[in-house]
Amino acid sequence: MKININDIRKYYGPVALQENIESALITIGKPVDEITIDDLAVVDEFHVRGQAATNELIEAAGLLPGSKILDMGCGLGGSARRLASRLNCQVTGVDLSEEYVTCAKY
């Protein structure tokens, strides 16, 4: 089966994602310049079991502080941010969705 990268990008590229996240934060009264990793976890770590799974994987991986890690399919970067925060390490994220990468950098 041939995979078309543009189809993947279109599927995972919702319109105005960053604006929608900012709007939701404003709605709940959270200033955008004061957001934390935990504030974004529900959208930032949207894989199965979310933050709990991220924390379990960090523990199971046996990574050391100061490590350099590559996160393939990083999405919005939530798991990478949590990993970098917990282990004081450098995480580089890569994703096929340009909109996800733009939000991750924000």
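Preceding this paragraph is the structure being described.
Per chain, residue numbering runs from 1 following the sequence as it is written. Reporting in this predicted model follows two pLDDT cut-offs: at least 70 for local features of residues, and 80 or more for side-chain atom pairs to be given and counted; totals over whole chains, interfaces and linings ignore these cut-offs and use all residues. Hydrogens are left out, water is left out, and the side-chain values use all remaining heavy atoms of the structure.

Caption draft 1: Fine view of the packing of helix α3 (residues 37-44) against helix α5 (residues 78-87). Only C-alpha atoms enter the line fits that serve as axes; for helices the fit covers just the stretch in contact. Angles between N-to-C directions range over 0 to 180 degrees. Segments assigned H or I by DSSP are reported as helices when at least four residues long, segments assigned E as strands when at least two residues long, and all are numbered from the N terminus. Packing of α3 against α5 brings their axes to within 9 Å, and their N-to-C directions diverge by 145 degrees. Residues I37, D38, A41 and D44 of α3 form the contact with α5, whose own contacting residues are G78, S79, R81, R82 and S85. Across the contact of α3 with α5, the residue classes tally to 2 nonpolar, 3 polar and 4 charged. In this description, contact between two residues means that some pair of their heavy atoms is separated by no more than 4.5 Å. The classification used treats Ala, Val, Leu, Ile, Met, Phe, Trp, Tyr, Cys and Pro as nonpolar, Asp, Glu, Lys and Arg as charged, and all other residues, Gly among them, as polar.

Caption draft 2: Highlighting the environment of Q51. The topology assignment puts Q51 in helix α4 (residues 50-61). Burial classification: accessible surface area is computed with a 1.4 Å probe over protein chains only, and a residue below 20% of its type maximum counts as buried, one above 50% as exposed, and the rest as partly exposed. Taking the relative accessible area as the measure of exposure, Q51 reaches 29% and is therefore partly exposed. The spatial distance from the C-alpha of Q51 to the C-alpha of R82 is 8.7 Å, given a sequence separation of 31 residues. Among all residues touching Q51, those that are not within four sequence positions of it are D38, A41, E45 and R82.

Caption draft 3: Quick peek at the side chain of T54. Following the sequence through the fold, T54 ends up in helix α4. Judged by relative accessible area, which is 5%, T54 ranks as buried. For T54, the side chain forms a polar contact with the side chain of E45, separated by 2.6 Å. Not counting the four nearest positions on each side in its chain, T54 is found in contact with E45, H47, S79 and R82. Here a polar contact is taken to be a pair of N or O atoms separated by no more than 3.5 Å, where protein atoms must pair a possible hydrogen donor with a possible acceptor and residues adjacent in sequence count only if both atoms sit in side chains.

Caption draft 4: Layout of the pairing of strand β2 (residues 90-94). Of the strand pairs in this sheet, strand β1 (residues 68-72) and β2 are connected by 5 bridges, and their pairing is parallel. Pairing of I69 across the sheet is with V91, part of β2. Between the parallel elements β1 and β2, the chain passes through α5 in a crossover that is right-handed. A pair of strands counts as paired when DSSP detects no fewer than two bridges linking them. Whether a crossover is right-handed comes down to one check: with the strands pointing away from the viewer, does the path from the first strand over the helix to the second run clockwise; if it does, it is right-handed.

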